[in-house]
Amino acid sequence: MPAQLEPLKPVKCTYEDCYESFDTEKEMRRHKRYSDEHDYCYKCDEDYEDHEAYALHKITKPKLHDLACRVCAEEFKTKSGLKRHIELNHKLDQKLTCIGCRQSFHRACLFIEHLEFGYCPVISASQFQGHIVHKMLINEYLKGDEKYTRFQQKQAKFEAAVDTEEEGGVDLEDSIFGDEEIEGVEFKAIKPDVPPDIPLSPAAAGVIFPALPSKGRADSAIQIPFVSAFSKMSFGSEESETPTVVGSPVTSPINPPTESFSSFSSLGDAGPHPANTEGSTAASSKSQPKVWGSRDGKSASSVLFPNAKSTPAPSEFSIAAYDQNMELNHGLNIMNTRFWDPQSSDFNPERFYDSIACKYYCPFVCEQNFNTKSDLEHHIEHDHRISRMKCPKCLKYFKSAFALMAHCESRGARCEINKTDDYNIFLDRVSGGFLGVEEKIRPDHLNNPTVLIQSTDTGRMERFTPPVASYLQYTVTKPPDWKEPVATKVVGGIPDQYRNQW
């Protein structure tokens, strides 16, 4: 057992794991205050085991410690100073997962850099640029001025030339459903070919029904005359109250002819069955298979047709048919369609072709026209690409979306674009629909305790809750015009590559 160290000076440090000693208590308290290994409150002269308990003590004593930081226990005079301190010094890491390659990032600007500069093997840099251009274009058309009207005029001739009428022809007269004379005409019901008084019996048609398979009968080739067994039974008689259900446990009072049942016997029977006994009725009820009931939890259809496949939904109820029908009735959906992008499968230059002027109009907010499709595509790919972006708050220009996103995440900058009410809309447009944001309370501020303190104004005990701090939580979203990538395998040993269905 090691010998315990004795202090060389009269005043020892109050912490058990500290063996330093001092001449006076003032020196000892000074040591605990400025030592990084001790969590000591010099105003209250109290020791704490860990930093968590020390910070919790300071935030619940606003009179002595003003407004203390919940994380580092540093004190501030104002709430704005405390909030700014937390934003600059205690940032929370994000968890952003790329929807293409599933790589994770702890900052929003790093995620935008991953997409913008082509580091993602699934989403190329041109595709990410196309999502941003699409957001900018839709924003211009939805402002409510003459721009969207002019866009509709550019494609009006194409929509007018599309014939959606399946039958064709011109209706020269009014519809017969609106004619008042037809309402007075009485239409008689169609009579059946066979009068209902003549009963349709299987005996007249000579129908022979095969026997149902059962556990006790192995011969499936036996045929039972259907009418002979039930020819003398009464169905729906008022005098008889006995059931007429086949295999009923109650014995029917009607005795069927013996000769009709005497010929039916199993493979192991030697003589005819008795005509009407309780044993035969019970045996027949037990051996009768329950075809329409459930067997071992399975439905009747699965037992009768085990190899049947489920019926697919009709094609007219599919999502593609619904979108096509909506486009025919309401026009092109500019929100989720890349109608302007030459690299997309949705692009159709004939939509913006003027057959009178023999020109192709640009789908963007410009009045340029071209003679050929190739000139139109070259104009879109070069003249309508974004080369720089501007912050709407401080009006600074940035050369890339990554630089603008880093500017928005920087809390120490003078620009407060991330504190505006429409920051989520701006972020959605800048990121091309790949990012969303929501303000939430920090996890370490969710369980702040509520204590009772004496008010300096009224002298009464009042509840006090320490101030909480919030942060911006970024999330990865899918753009409206996003299409899932398709893996393509290239022959020749090259690894799999991805392409998007643009």
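These remarks concern the structure in this document. (Residues numbered from 1 in each chain as written. Predicted model: local features only at pLDDT ≥ 70, side-chain atom pairs only at ≥ 80, totals over all residues. Heavy atoms only, no water.)

1. Brief notes about the layout of surface pockets
A probe matching the size of a water molecule, rolled over the atoms, marks out where space remains unfilled. Approximately 480 Å³ is the volume attributed to the second largest pocket. Considering the residues around the second largest pocket, the lining is formed by 19 residues, among which D323, E327, N333, N336 and T337 are closest to the centre. The greatest single-element share of the lining of the second largest pocket, amounting to five residues, is contributed by helix α14 (residues 319-330). Split by residue class, the lining of the second largest pocket holds seven nonpolar, six polar and six charged. (1 Å grid on protein atoms, 1.4 Å probe; cavity = no way out; pocket = protein on both sides within 12 Å on 5 of 7 lines; lining within 4 Å. Points joined across faces, edges and corners; volume = space filled by probe spheres on them. Helix = DSSP H or I, 4+ residues; strand = E, 2+ residues; numbered from the N terminus. Nonpolar A, V, L, I, M, F, W, Y, C, P; charged D, E, K, R; others polar.)

2. Quick notes on a nonpolar patch on the surface
A cluster of nonpolar residues, I441, L446 and V468, forms a patch on the protein surface that exposes about 270 Å² of accessible area. Tracing the backbone through its elements, the reader meets I441 in strand β16 (residues 435-441). Exposure remark for I441: the relative accessible area of 42% places this residue in the partly exposed category. (Patch = residues over 30% accessible without salt bridge, like charges linked within 9 Å, V, L, I, M, F, W, Y side chains within 5 Å. Areas by Shrake-Rupley, 256 points an atom, 1.4 Å probe, with all protein chains shown as cover. Salt bridge = Lys/Arg side-chain N within 4 Å of Asp/Glu carboxyl O. Buried < 20%, exposed > 50% of the residue type's maximum accessible area, 1.4 Å probe, protein only.)

3. A word on empty space enclosed by the protein
Taken as a whole and judged by the stated rule, the model has one cavity of 30 Å³ or more. Of the voids in this model, the largest cavity is the one considered here, and its volume is about 30 Å³. Every residue along the wall of the largest cavity is listed here: I59, D66, L67, A68, F464, P466 and P467. The residue inventory of the lining of the largest cavity, partitioned by class, reads six nonpolar, no polar and one charged.

4. Some words on unusual backbone geometry
One can expect most non-glycine residues to show negative phi and most peptide bonds to be in trans. The backbone phi angle of D45 is positive, close to 55°, even though this residue is not glycine. With respect to the helices, strands and loops of the structure, D45 is situated in the loop between β3 (39-41) and β4 (46-48). The exposure class assigned to D45 is partly exposed, which follows from its relative accessible area of 45%. With phi around 70°, A73 is a residue other than glycine that occupies positive phi space.

5. A short note on the packing of aromatic side chains
If you walk through the whole model with that rule in mind, you get 14 aromatic pairs. Plain terms: the ring middles of Y353 and Y360 are 4.7 Å apart, the flat faces sit at 45° to each other, and that makes the pair tilted. Using a relative accessible area of 24% as the deciding quantity, one classes Y353 as partly exposed. Its relative accessible area of 8% is what places Y360 among the buried residues. A network of ring pairs unites the aromatic residues Y141, Y148, F151, F339 and F352 as a single cluster. The ring of Y361 carries the charged tip of R150 above its face, separated from the ring centre by 5.5 Å. (Phe/Tyr/Trp six-rings, centres within 6.5 Å; stacked < 30°, edge-to-face > 60°. Lys NZ or Arg CZ within 6 Å of the ring centre and 35° of its normal.)

6. Focus: the environment of F22
Checked against the element boundaries, F22 lands in strand β2 (residues 21-22). As for F22 and K9, which are separated by 13 residues in sequence, their C-alpha atoms are 5.4 Å apart.

7. Quick look at the pairing of strand β17 (residues 451-454)
Pairing of β17 with strand β18 (residues 461-464) involves four bridges; the strand directions are antiparallel. When the sheet's bridge partners are listed, I453 is paired in β18 with E462. Hairpin connection, β17 to β18: the antiparallel pair is bridged by six residues, and G459 has positive phi, about 80°. (Pairing = 2+ DSSP bridges.)

8. What about the nonpolar core?
A general trend in soluble globular proteins is that nonpolar side chains are found buried together. With 33 residues, the main nonpolar core has F111, M405, Y423 and Y474 as its most contacted residues. Elements that contribute at least two residues to this core include exactly α5 (108-116), α6 (125-141), α16 (401-409), α17 (423-430), β16 and β19 (470-476). With five residues, the top contributor of residues to this core is α5. Setting aside its immediate chain neighbours within four residues, F111 contacts L96, C98, F105, F434, L435 and V476. Counting residues in each nonpolar core, the second largest holds 18 residues, with I138, F352, C362 and F370 among its members. (Core = buried A, V, L, I, M, F, W, Y, C linked by side-chain atoms within 4.5 Å. Contact = heavy atoms within 4.5 Å.)

9. Let's talk about the packing of α5 against α16
α16 packs onto α5 with a crossing angle of 175° between their chain directions and a minimal axis gap of 8 Å. When the axes of α5 and α16 are compared, the pair comes out roughly antiparallel. Between α5, through A108, C109, I112, E113 and E116, and α16, the contact on the second element is made entirely by A401, F402, M405, A406 and E409. Residue composition of the contact of α5 with α16, by class: seven nonpolar, no polar and three charged. (Axes fitted to C-alpha atoms, helices over the stretch in contact; angles between N-to-C directions. Parallel < 35°, antiparallel > 145°, perpendicular 65-115°, else oblique.)

10. Comments concerning the pattern of salt bridges
Applying the stated criterion across every chain, the model contains 16 salt bridges. In this structure, E140 and K143 form a salt bridge, with 3.3 Å as the shortest nitrogen-oxygen distance. Judged by its relative accessible area of 23%, E140 is partly exposed. Note that E367 and R150 form a salt bridge whose closest N and O atoms lie 3.1 Å from each other. Taken together, the positions of E367 in the loop between β12 (359-361) and β13 (369-370) and R150 in helix α7 (residues 146-154) put the pair 217 residues apart, joining distant regions of the chain. According to the relative accessible area criterion, E367 is partly exposed, its value standing at 47%. Judged by its relative accessible area of 26%, R150 is partly exposed. Connected through shared salt-bridge partners, K43, K58 and E75 make up one network.

Read these as layout, nothing more, since geometry by itself doesn't imply function.
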